[in-house]
Amino acid sequence: MAHSELTEMLSALEALHETECVVLTKLDRSALDGITEQKLALCERLQAFAAEHAPAPEHRASLERIRGLAFKNRLLALHARDAVRTILSEVGFAPPLQFGSQRPATIQDGVRVNWKG
């Protein structure tokens, strides 16, 4: 039962990340807000699950795909933010940006789940 429950949660999280990628390219804020709520709920379920069960090795590939999708979506979000700032600056609704990106120099990984407790 625990194995299938984890598989279901990981599949749902992967699907949300794939949907989020499309939403980020369309800059659909309301859809993005909905996806964020769903991802937070899934993360809470995963944390509760991880507190009671050890992960099976066969879930590693799924976790790696989710990690890759999360990284891709983070980059899309950063680029979208920069694009919106540039547009607002050019039409006079925001102060001009300094030369170069204002993003932090180091890109950090996403949320980590401690499977050992």
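Use the structure listed above.
Residues numbered from 1 in each chain as written. Predicted model: local features only at pLDDT ≥ 70, side-chain atom pairs only at ≥ 80, totals over all residues. Heavy atoms only, no water.

K.L.:
What is the right way to look at the overall build of the protein in this model?
P.N.:
Per the secondary structure count, the protein includes three helices and zero strands. For the protein, buried positions account for 22% of its 117 residues. Put simply, 74% of the contacts in the protein that link residues at least 6 apart link residues at least 24 apart. Carbon together with sulfur atoms contributes 58% to the accessible area of the protein, which is approximately 8400 Å² in total. (Helix = DSSP H or I, 4+ residues; strand = E, 2+ residues; numbered from the N terminus. Buried < 20%, exposed > 50% of the residue type's maximum accessible area, 1.4 Å probe, protein only. Contact = heavy atoms within 4.5 Å. Areas by Shrake-Rupley, 256 points an atom, 1.4 Å probe, with all protein chains shown as cover.)

K.L.:
Is there a simple way to think about the side chain of E20 in this case?
P.N.:
Tracing the backbone through its elements, the reader meets E20 in helix α1 (residues 2-26). Judged by relative accessible area, which is 8%, E20 ranks as buried. Here the side chain of E20 touches K39 through a polar contact of 3.0 Å, side chain to side chain. When near neighbours in sequence (up to four residues on either side) are disregarded, E20 contacts L32, I35, K39 and N73. (Polar contact = N/O pair within 3.5 Å; in protein donor to acceptor, adjacent residues only side chain to side chain.)

K.L.:
Is there a simple way to think about the packing of α1 against helix α3 (residues 60-90) in this case?
P.N.:
Angle between the axes and distance between the axes are the two parameters that describe a pair of packed helices. Where α1 meets α3, the closest approach of the two axes is 9 Å, and the angle between their N-to-C directions is 20 degrees. The pairing of α1 with α3 is recorded here as roughly parallel in orientation. Two packed elements cross with a definite hand, and for α1 against α3 that hand is left-handed. Seen from α1, the contacting residues are L10, L13, E14, H17, E18, E20, C21, L24 and T25; seen from α3, they are S62, L63, R65, I66, L69, A70, K72, N73, L76 and A77. Looking at side-chain class alone, the contact of α1 with α3 contains 10 nonpolar, four polar and five charged residues. (Axes fitted to C-alpha atoms, helices over the stretch in contact; angles between N-to-C directions. Parallel < 35°, antiparallel > 145°, perpendicular 65-115°, else oblique. Left-handed = near helix turned anticlockwise from the far one by under 90°. Nonpolar A, V, L, I, M, F, W, Y, C, P; charged D, E, K, R; others polar.)

K.L.:
When you look at a nonpolar patch on the surface in this model, what are you seeing that I'm missing?
P.N.:
Together, L27, V84, I87, L88, V91 and F93 make up an exposed nonpolar region whose accessible area comes to about 600 Å². For I87, the position within the fold is in helix α3. The exposure class assigned to I87 is exposed, which follows from its relative accessible area of 52%. (Patch = residues over 30% accessible without salt bridge, like charges linked within 9 Å, V, L, I, M, F, W, Y side chains within 5 Å. Salt bridge = Lys/Arg side-chain N within 4 Å of Asp/Glu carboxyl O.)

K.L.:
How do you make sense of the nonpolar core when you look at a structure like this?
P.N.:
Proteins that are soluble and globular tend to have nonpolar side chains buried together. Core analysis: the biggest nonpolar cluster contains 11 residues, these being L6, M9, L10, L13, L16, V23, I35, L42, L46, F49 and I66. Every element with two or more residues in this core is listed here: α1 and α2 (29-52). Among the elements that line this core, the one with the most residues is α1, at six residues. Ignoring sequence-local partners within four residues, the contact set of L46 consists of L6, M9, L10 and L13. (Core = buried A, V, L, I, M, F, W, Y, C linked by side-chain atoms within 4.5 Å.)

K.L.:
Before we go on, may I ask you to explain the pattern of salt bridges in this structure?
P.N.:
Side chains that carry opposite charge are capable of pairing whenever their charged atoms lie near each other. Within the structure shown, the criterion is met by four salt bridges. For the salt bridge of R45 with E8, the shortest nitrogen-to-oxygen distance reads 4.0 Å. Pair noted here: R45 is in helix α2 and E8 is in helix α1, with a separation of 37 residues, a long-range link.

The values are spatial; any link to function lies outside them.
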